[in-house]
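These are the residues of each chain, in order.
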Amino acid sequence: MVGITGPGVHGPPPGLAVVPATSQGAFPDELDIHNVPPEYKREGTDWCAVFNPKVKRVLDVQLVHNLVHESVVCCVRFSSDGKYLVTGCNRTAQIYDTKTGAKTCVLTDETAGKAGDLYIRSVCFSPDGKLLATGAEDKQIRIWDISKKCIVRVFDSHQQEIYSLDFSLDGRLIVSGSGDKTAHIWDMANADAPPKVLTINDPDSLNGDAGVTSVAISPNGQFVAAGSLDTVVRIWDWTSC
């Protein structure tokens, strides 16, 4: 068993259990983490991982990078090959080399209005790693050519901000989820085509709010899953809708 605490840790992976870093609590067997031998413990300034000496150790925990930003970071996503990490924050998407931690690219839409904040709520690499999709508070989905650092197309049909994005495995489709209670499916090869719109119109949704906060498209491209604020995950066979 392992205990992990720290900022951004929202739940333990399989085989892990949460232990407050300053706890003297009963996990396991009245465990006092301060008395755990160093070989069974990893610690940082605001996190701690404890390994159970009675269980074969199959993983390790080590902080390798601190990627400091100038604003709140709303989202993160790895490229499919794991070589890069993109972050979305106020007005910028930033790409980092996961091996070195170096910032390799900053993407900013200079044509966007300068008044107020413009947080990027969702980011997603295309499967081949050449494109990046960003969804923002201004209801727009921007598709970036990473090497040229320029926007190659904009999808604009949502009525509220974009919370989630996902590419299909072949890169042909992108699905977006918004606070407007819809998921939109876009054809990357035909930017002028209207999206396929999947709408949550259940009158019994919790408090009448079914804003879509997370979307995913199945590996075969047939199904779209959408998680929403009304505590429901809906799965559509969008090819038959």
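Residues numbered from 1 in each chain as written. Predicted model: local features only at pLDDT ≥ 70, side-chain atom pairs only at ≥ 80, totals over all residues. Heavy atoms only, no water.

## Brief notes about the overall build of the chain
In plain terms, the rule: Strands are runs of DSSP state E lasting at least 2 residues, helices are runs of H or I lasting at least 4, and numbering of each runs from the N terminus. Classification of residues uses two cut-offs on accessible area relative to the type maximum, computed with a 1.4 Å probe and protein chains only: under 20% is buried, over 50% is exposed, and between them is partly exposed. Whether two residues are in contact is decided by their heavy atoms, any of which lying within 4.5 Å being enough.
A tally of regular secondary structure across the chain gives zero helices and 19 strands. Relative to its 241 residues, the chain shows a buried fraction of 41%. Of the contacts made within the chain by residues no fewer than 6 positions apart, 37% connect residues no fewer than 24 positions apart.

## A word on the environment of Ala 225
Looking at the secondary structure, you find Ala 225 in strand 18 (residues 223-228). Leave out the neighbours within four places in its chain, and Ala 225 touches Ser 214, Val 215, Ala 216, Arg 234 and Ile 235.

## What to know about the packing of aromatic side chains
In this description, a pair of aromatic rings is defined by centroid distance and the angle of the planes. Rule in force here: In this scheme Phe, Tyr and Trp rings, the latter by its six-membered ring, pair at centre separations within 6.5 Å, and the angle between planes marks the pair as stacked below 30 degrees, edge-to-face above 60, and tilted otherwise. In our convention, an over-ring charge means Lys NZ or Arg CZ found within 6 Å of a ring centre and within 35 degrees of that ring's normal.
Scanning all chains against the criterion turns up one aromatic pair. Note on Phe 155 and Trp 186: the rings are 4.5 Å apart at their centroids and 25 degrees apart in plane angle, and the pair reads as stacked. Within this pair, whereas Phe 155 is found in strand 12 (residues 150-155), its partner Trp 186 is found in strand 15 (residues 182-187), the two being separated by 31 residues in sequence. When sorted by exposure, Phe 155 lands in the same class as Trp 186, which is buried. Over the aromatic face of Phe 51 sits the side chain of Arg 57, whose NZ or CZ is 3.8 Å from the ring centroid.

## Things to note about the UniProt feature "repeat: WD" (unreviewed entry) in the chain
Where we set the bar: UniProt positions are given in the numbering used here, feature names are shortened, and annotations may be inferred rather than shown by experiment.
The positions that UniProt labels "repeat: WD" (unreviewed entry) are, in the present scheme, residues 120-154, 155-196 and 212-241. Overall, residues 120-154 shows 0% helix and 63% strand. The separation of its end C-alpha atoms is 14 Å. As annotated, residues 212-241 has a helix share of 0% and a strand share of 57%, and its two end C-alpha atoms lie 18 Å apart.

## Some remarks on the nonpolar core
Stated precisely, the cut-off is as follows: As used here, the term nonpolar core means buried Ala, Val, Leu, Ile, Met, Phe, Trp, Tyr and Cys residues forming a set that is joined through side-chain atoms within 4.5 Å.
Val 86 and Leu 132 are the most contacted members of the largest nonpolar core, which has 15 residues in total. Looking at this core, the elements that each hand over two or more residues are strand 7 (92-97), strand 8 (103-108), strand 9 (120-125) and strand 10 (131-136). The leading source of residues in this core is strand 9, at three residues. Filtering out sequence-adjacent residues up to four positions away, Val 86 remains in contact with Cys 75, Val 76, Arg 77, Ala 93, Gln 94, Ile 95, Val 123, Phe 125 and Leu 132. Within the second largest apolar cluster, 14 residues are counted, among which are Ala 183, Ile 185, Val 224 and Trp 238.

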